[in-house]
Amino acid sequence: MSEQWIREIMSRCICTHTEGEEVWLNRRKGYMTATKASAAVGLSSFRSPMDVYLAWVNPDYKPSFNRAQKLRMRIGSVAEAEILASAATDPNRPGMYTPLECDAMLVAHPEYEWAACSPDGLAFSEELGKVVLEVKNTNVNVKHQYTTEDGKPCEPAGYRAQVVYNIACTGADNGILEASFNGDILYRTIPRDKEEIDWLFNRAHEFYRACEAEDELAVFSLIKDGNLRWDAIRKIYARSSSDGVSVADVELDEHIAEYKELSAQLKDVTSRHKILK
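Residues numbered from 1 in each chain as written. Predicted model: local features only at pLDDT ≥ 70, side-chain atom pairs only at ≥ 80, totals over all residues. Heavy atoms only, no water.

Enquirer: For the overall build of the protein, give the residues involved together with the corresponding values.
Expert: Secondary structure summary: the protein contains 10 helices and eight strands in total. Total accessible area on the protein is roughly 15600 Å²; 49% of this is exposed by carbon and sulfur atoms. (Helix = DSSP H or I, 4+ residues; strand = E, 2+ residues; numbered from the N terminus. Areas by Shrake-Rupley, 256 points an atom, 1.4 Å probe, with all protein chains shown as cover.)

Pasting the structure below:
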């Protein structure tokens with residue numbers, strides 16, 4: 001079964017590890033990948049939806065990261081192979097999976113021509129079936145994000161979204177998030193769930209269509225989180241003016257004005273509530 005799965009994945013391979021990172025970076029353009037999808041739906045802690053859009057329409061755009069984020073990403077890319085190797089022999093790994101050799105670096109979704117993923121690793125388990133691996137090299141300061149307040153295991157929403165996306169693109173039965181905390185690997189198994197996949201892909205496809213059309217208003221309307229909406233305004237719509245925000249789109253200007261008014265009202269209500277208390 002595992003050999004058949006690898007052959008099926010290779011039949012949809014867009015770029016191989018043999019071809020290298022430069023080819024991979026070029027060929028992933030125009031595809032909604034797991035990393036982009038996670039950010040597009042507002043779940044990424046590293047990129048905003050507008051970062052995805054701006055990079056889509058302008059290949060030279062680079063999201064702004066602080067020094068700590070840049071360092072973590074550089075270390076993460078280097079440590080990935082070591083984490084995979086360590087996990088492969090860990091007696092505590094979920095399902096005692098066996099890693100599979102596969103040269104696919106970018107894999108197209110079996111149905112959606114706009115979607116693709118770059119799995120960190122593939123494996124097979126008698127218990128879990130076909131498994132896609134997602135590796136994160138992180139630090140102890142965020143370890144609390146892997147446990148709920150009542151002590152149950154969980155994972156950061158953005159990472160979960162990436163695993164769910166990879167499951168759909170590769171056809172895996174399960175995904176395993178492997179988070180390394182200074183060499184101590186914590187595992188989170190995420191089963192294939194059609195409802196969760198459908199939700200994520202529907203949202204990602206809406207965002208993809210807005211990016212392809214270079215429709216800034218459509219992108220803005222898809223952003224639901226208030227802070228991310230202000231991020232969108234700051235990054236693409238805003239320009240210097242007397243009141244701080246000026247937009248060369250009447251309809252969008254009305255959306256922003258309404259949003260500013262509602263935000264002001266909410267701030268006023270919050271202030272009054274504090275005074276009454």
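Now that the structure has been shown, the text picks up again.
Enquirer: Explain the sheet that holds strand β4 (residues 116-117) to me, using residue names and the numbers behind them.
Expert: Taken together, three strands build an open sheet; the order of strands is β1-β3-β4 and the sheet is antiparallel. Pairing within the sheet leaves two strands with one partner each, and these edge strands are β1 (13-16) and β4. (Pairing = 2+ DSSP bridges.)

Enquirer: So what's going on with the packing of helix α6 (residues 157-170) against helix α7 (residues 194-212)? Residues and values would help.
Expert: One can describe the packing of α6 onto α7 by two numbers: an axis separation of 10 Å at closest approach and a directional angle of 95°. On the basis of their axis angle, the class for α6 and α7 is roughly perpendicular. Here α6 contributes Arg-160, Ala-161, Val-164, Tyr-165, Ile-167, Ala-168 and Cys-169 to the contact with α7, which in turn contributes Glu-196, Ile-197, Leu-200, Phe-201 and Ala-204. (Axes fitted to C-alpha atoms, helices over the stretch in contact; angles between N-to-C directions. Parallel < 35°, antiparallel > 145°, perpendicular 65-115°, else oblique. Contact = heavy atoms within 4.5 Å.)

Enquirer: I'd like a description of a negative patch on the surface, backed by residues and values.
Expert: Taken together, the side chains of Glu-212, Glu-214, Asp-215 and Glu-216 present a region of like negative charge at the surface. Along the chain, Glu-214 falls in the loop between α7 and α8 (216-222). Judged by relative accessible area, which is 52%, Glu-214 ranks as exposed. (Patch = residues over 30% accessible without salt bridge, like charges linked within 9 Å, V, L, I, M, F, W, Y side chains within 5 Å. Salt bridge = Lys/Arg side-chain N within 4 Å of Asp/Glu carboxyl O. Lys, Arg positive; Asp, Glu negative; His and termini not counted. Charge placed at Lys NZ, Arg CZ, Asp CG, Glu CD. Buried < 20%, exposed > 50% of the residue type's maximum accessible area, 1.4 Å probe, protein only.)

Enquirer: I'd like a rundown of α6, residues and numbers included.
Expert: The end-to-end C-alpha distance of α6, which contains 14 residues, comes to 20 Å, matching closely the 20 Å that a straight helix rising 1.5 Å per residue would cover. For α6, the tally of buried residues reaches 12 of 14 residues, placing the bulk of the element in the interior. Taken residue by residue, α6 has Gly-158, Tyr-159, Ala-161, Gln-162, Val-163, Val-164, Tyr-165, Asn-166, Ile-167, Ala-168, Cys-169 and Thr-170 as its buried positions. Gly-171, located one to two residues past α6, shows a positive phi value of around 80°. (Expected span 1.5 Å × (residues − 1).)

Enquirer: Please give an account of the pattern of salt bridges that cites residues and values.
Expert: Going through the model one piece at a time under the given rule, you end up with seven salt bridges. Across the salt bridge formed by Lys-136 and Glu-134, the nearest N and O atoms sit 3.0 Å from each other. Each member of the pair Lys-136 and Glu-134 is classed as buried. Across the salt bridge formed by Lys-143 and Asp-184, the nearest N and O atoms sit 3.4 Å from each other. Of the two residues, Lys-143 is situated in the loop between β6 (129-138) and α6 and Asp-184 in strand β8 (residues 184-191); the sequence distance between them amounts to 41 residues. On the basis of relative accessible area, Asp-184 is assigned to the partly exposed category, the value being 43%. Ionic contacts of the salt-bridge type, sharing partners, join the residues Glu-155, Arg-160 and Glu-196 into one network.

Enquirer: Any chance you could break down the state of the cysteines for me, citing the residues and the numbers?
Expert: This model, assessed by the stated rule, comprises zero disulfides. Of all cysteine sulfurs in the structure, the one in Cys-117 sits closest to Cys-169, which takes part in no disulfide; the separation is 4.4 Å. (Disulfide = S-S within 2.5 Å.)

Enquirer: Account for the sheet that holds strand β7 (residues 174-181), with residues named and values stated.
Expert: With respect to topology, five strands assemble into an open sheet ordered β2-β5-β6-β7-β8, the strand pairing being mixed. Among the strands making up the open sheet, the edge pair consists of β2 (98-100) and β8. Across this sheet, the average inter-strand angle for adjacent strands is 35°, counted without regard to direction. Across eight bridges, the pairing between β7 and β8 is antiparallel. Residue Ser-180 lies in a different strand from β8, and its bridge partner there is Ile-185. Sheet contacts for helix α1 (residues 2-10): β2, β5 (121-125) and β6; angle to β5, the most-contacted strand, approximately 155°. Its contacts with the sheet put α6 on β5, β6, β7 and β8, and the angle it makes with β6 is roughly 150°.

Enquirer: Let's hear about the packing of aromatic side chains: which residues, and what values?
Expert: Two descriptors summarise a pair of aromatic rings, namely the distance from one centre to the other and the angle between the planes of the rings. The tally for this structure, following the rule as stated, stands at seven aromatic pairs. Their ring planes at 20° and their centres at 5.5 Å tell us that Tyr-112 and Trp-114 sit as a pair that is stacked. In this structure Trp-114 comes out as buried when scored by relative accessible area, which is 7%. Centroid distance Trp-114 to Phe-201: 5.9 Å. Interplanar angle 55°. Geometry classified as tilted. Taken as a pair, Trp-114 in the loop between β3 (104-108) and β4 and Phe-201 in helix α7 lie far apart in primary sequence, 87 residues in all. The class for Phe-201 is buried, based on a relative accessible area of 3%. Taken together, the ring pairs connect Trp-56, Tyr-112, Trp-114, Tyr-165, Phe-201 and Tyr-208 into an aromatic cluster. Lying across the ring of Tyr-97, Arg-93 places its NZ or CZ 5.7 Å from the centre. A cation sits over an aromatic face here: Lys-143 above Phe-181, 5.2 Å from the ring centre. (Phe/Tyr/Trp six-rings, centres within 6.5 Å; stacked < 30°, edge-to-face > 60°. Lys NZ or Arg CZ within 6 Å of the ring centre and 35° of its normal.)

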